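Chain residues, written in single-letter form:
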Amino acid sequence: MIAPLAKFIDWSVIQATTLREPPADGRNPRLEEALQFLKGPDFIPEESQPARVEFYPDQSGLHFRFPTPCPCHFEENNVVYGRLYRCAERWQERPVIVLLHGGNDFVSYRFRYPLIARHYNQAGFNVATLAAPYHFQRRPRQLRTLSRPDYLRSAKTHAQAVAEIRALTGWLLGQGCPDVALCGSSYGARLAGLTVSRDARLAAVVLNKPAVGANPAFAKQLFRRRLRESWLKQRAALEALNLTPFNLILARPAIPKENILLIEAIHDLYVPKEAIEDLWQAWGQPEIWRLPHAHISLSLTPGLTGRILRWLASRLKARRSK
């Protein structure tokens, strides 16, 4: 895609999505508590128990839910919702690809992922999807009235999401599935990166334009002056967060680099390509695809879904044959 057009699409979406957000009031950022939590053992514990998955009592066998391993004060957010798109026969003998959506990306979660799942099923792979914490039906009604930013809540939200992915992984492996791979986009790729930094059970992971860490430079993309100024006030806090395991660059993957794929959009206005290049270096230079797109347009790339599937299939087949 032509670079100016790709960047304009990113810029337009950034303005449209942030226009609805009130400027951060800074009343209760809880930065010190967040830094302490991120550096402690409770952020991503060593142990993980399998999810207690139950499927809805209908004939589809598609929709499931389970209690979150990390409950919070909001009842709506304490139940994890997902879908399992099984292969037609002997699904427990097939690997599973878990698709992790981007931040507030309802379109992908509701419409794109079912189409991708059908394609992957035909290739012999199960597909699972999860609704991330505070997304979609898990979003509490009173969330907009809470203080912004709240760094401790953000840190605990990441911990909750990773715990849920690991719990689902444990359940899938316990069902007999030989391999589980993660394929995340943007925020979902960030969660996949945090998960693979602690969980060696994963067979492979695809980080598609991952949000590597807090982005202090994001303020320059904002047209609305009050919102831009509120982001600029957070710069020191965001830089402090990037000195903790909140930053993927400071983590190290628990699986071989041959089973890790990074996808970079070189015109990205959401995630600086420099951050992904730094992650690539820090993680031992795994395979990386540098594509001439921006953050939004990359999702529209023809053939990318099939290319990712072929990359995953080679890793999962190699692992399954051992």
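See the structure printed just above.
Keep in mind that what you see is a predicted model, and the values were worked out from it rather than measured.

**Section: the sheet that holds strand 3 (residues 79-85)**
Strand pairing in a sheet relies on backbone hydrogen bonds. The paired strands run either parallel or antiparallel. Pairing within the open sheet is mixed, and its nine strands lie in the order 1-2-3-5-4-6-7-8-9. Two strands in the sheet have a free side with no partner beyond their single neighbour: strand 1 (54-55) and strand 9 (287-291). Each of strand 4 (96-100), strand 6 (180-185) and strand 7 (204-208) touches helix 5 (residues 187-196); the most contacted strand, strand 6, lies at about 140° to it.

**Considering the side chain of Arg-83**
Note that Arg-83 resides in strand 3. Leave out the neighbours within four places in its chain, and Arg-83 touches Leu-62, His-63, Phe-64, Tyr-109, Arg-110, Val-127, Ala-128 and Thr-129.

**A word on the pairing of strand 9**
Of the pairings in the sheet, the one linking strand 8 (residues 260-265) to strand 9 comprises five bridges and is parallel in character. Bridge pairing in strand 9 places Leu-261 opposite Glu-287. Of the crossover connections in this fold, the one passing from strand 8 over helix 8 (residues 273-282) to the parallel strand 9 is right-handed.

**Structural notes on unusual backbone geometry**
For residues besides glycine, phi is generally negative; the peptide bonds are generally trans as well. Of note in this structure, Arg-30 is not a glycine but carries a positive phi near 55°. Within the secondary structure, Arg-30 sits in the loop between helix 1 (3-19) and helix 2 (31-39). Overall, Arg-30 belongs to the partly exposed group, its relative accessible area being 28%. The backbone of Ser-186 sits at a positive phi, close to 60°, despite the residue not being glycine.

**Topic: the pairing of strand 3**
The buried fraction of strand 3 is high, at six of seven residues. Where strand 2 (residues 63-67) and strand 3 come together, five bridges link them in antiparallel fashion. Within strand 3, the position partnered with Phe-66 by the bridge is Val-80. Pairing between strand 3 and strand 5 (residues 126-130): four bridges, direction antiparallel. Residue pairing in the sheet places Gly-82 in a bridge with Leu-130 of strand 5.

**Description of the environment of Leu-261**
Looking at the secondary structure, you find Leu-261 in strand 8. Contact partners of Leu-261, with chain neighbours within four places excluded, come to Val-205, Val-206, Leu-207, Glu-287, Ile-288, Trp-289 and Trp-311.

**So, the state of the cysteines**
One pass over the structure, following the stated rule, counts zero disulfides. No disulfide involves Cys-72; its nearest neighbouring cysteine sulfur is the one of Cys-70, lying 9.7 Å away. In this model Cys-87 remains outside any disulfide bridge; the closest cysteine sulfur is found in Cys-177, 9.0 Å from its own.

**A look at the nonpolar core**
In terms of nonpolar packing, the biggest core is built from 60 residues, with Phe-66, Val-98 and Leu-168 touching the most fellow members. In this structure, Phe-66 is in contact with Ala-51, Arg-52, Val-53, Asn-78, Val-79, Val-80, Leu-130, Glu-164, Ala-167 and Leu-168, ignoring residues within four places of it in sequence. Core analysis: the next-biggest nonpolar cluster, separate from the first, contains 28 residues, Ile-116, Val-127, Leu-261 and Ala-265 among them.

**Observations concerning the environment of Phe-125**
Tracing the chain through its elements places Phe-125 in the loop between helix 3 (106-122) and strand 5. Sequence separation between Phe-125 and Arg-94 is 31 residues; the distance between their C-alpha atoms is 5.8 Å.

**Some thoughts on the packing of aromatic side chains**
Inspection of the entire model under this criterion finds 11 aromatic pairs. Seen in terms of ring centroids, Phe-8 and Trp-11 are 6.4 Å apart; in terms of plane orientation they differ by 20°. Their pairing is stacked. With Phe-8 and Trp-11 both in helix 1, this residue pair falls three residues apart, about one helical turn. When the ring of Phe-55 is compared with that of Phe-64, the centres are 5.8 Å apart and the planes differ by 65°; the resulting orientation is edge-to-face.

**What to know about the pattern of salt bridges**
For the structure on display, the rule yields 10 salt bridges. Note that Glu-164 and Arg-138 form a salt bridge whose closest N and O atoms lie 2.8 Å from each other. Of this pair, Glu-164 sits in helix 4 (residues 151-174) while Arg-138 sits in the loop between strand 5 and helix 4, placing them 26 residues apart in sequence. For the pair formed by Glu-164 and Arg-138, the shared burial category is buried. Ionic pairing is found between Arg-290 and Glu-277, a salt bridge with its closest N-O pair at 2.7 Å. Of the two residues, Arg-290 is situated in strand 9 and Glu-277 in helix 8; the sequence distance between them amounts to 13 residues. One salt-bridge network, held together by shared partners, links Arg-30, Asp-150 and Arg-153.

**A few points about the side chain of His-158**
Within the secondary structure, His-158 is located in helix 4. In terms of polar contacts, His-158 uses its side chain to reach the backbone carbonyl oxygen of Ser-154, at 2.9 Å. Each residue touching His-158, except ones within four places of it in the same chain, is listed here: Phe-43, Tyr-187, Arg-190, Leu-191, Leu-194 and Phe-246.

**Side note on helix 2**
Here helix 2 has its buried residues at Ala-34, Leu-35, Phe-37 and Leu-38. Buried positions in helix 2, seen along its axis, are confined to an arc of 165° and lie on one side of it. Counted as exposed and oriented over 90 degrees from the buried face of helix 2: Glu-32, Gln-36 and Lys-39. Close packing links the buried residues of helix 2 with helix 4 and helix 7 (235-241).

Rules and cut-offs
- Residues numbered from 1 in each chain as written.
- Predicted model: local features only at pLDDT ≥ 70, side-chain atom pairs only at ≥ 80, totals over all residues.
- Heavy atoms only, no water.
- Pairing = 2+ DSSP bridges.
- Helix = DSSP H or I, 4+ residues; strand = E, 2+ residues; numbered from the N terminus.
- Contact = heavy atoms within 4.5 Å.
- Axes fitted to C-alpha atoms, helices over the stretch in contact; angles between N-to-C directions.
- Right-handed = clockwise from strand over helix to strand, strands pointing away.
- Buried < 20%, exposed > 50% of the residue type's maximum accessible area, 1.4 Å probe, protein only.
- Disulfide = S-S within 2.5 Å.
- Core = buried A, V, L, I, M, F, W, Y, C linked by side-chain atoms within 4.5 Å.
- Phe/Tyr/Trp six-rings, centres within 6.5 Å; stacked < 30°, edge-to-face > 60°.
- Salt bridge = Lys/Arg side-chain N within 4 Å of Asp/Glu carboxyl O.
- Polar contact = N/O pair within 3.5 Å; in protein donor to acceptor, adjacent residues only side chain to side chain.
- Arc of directions from axis to C-beta.

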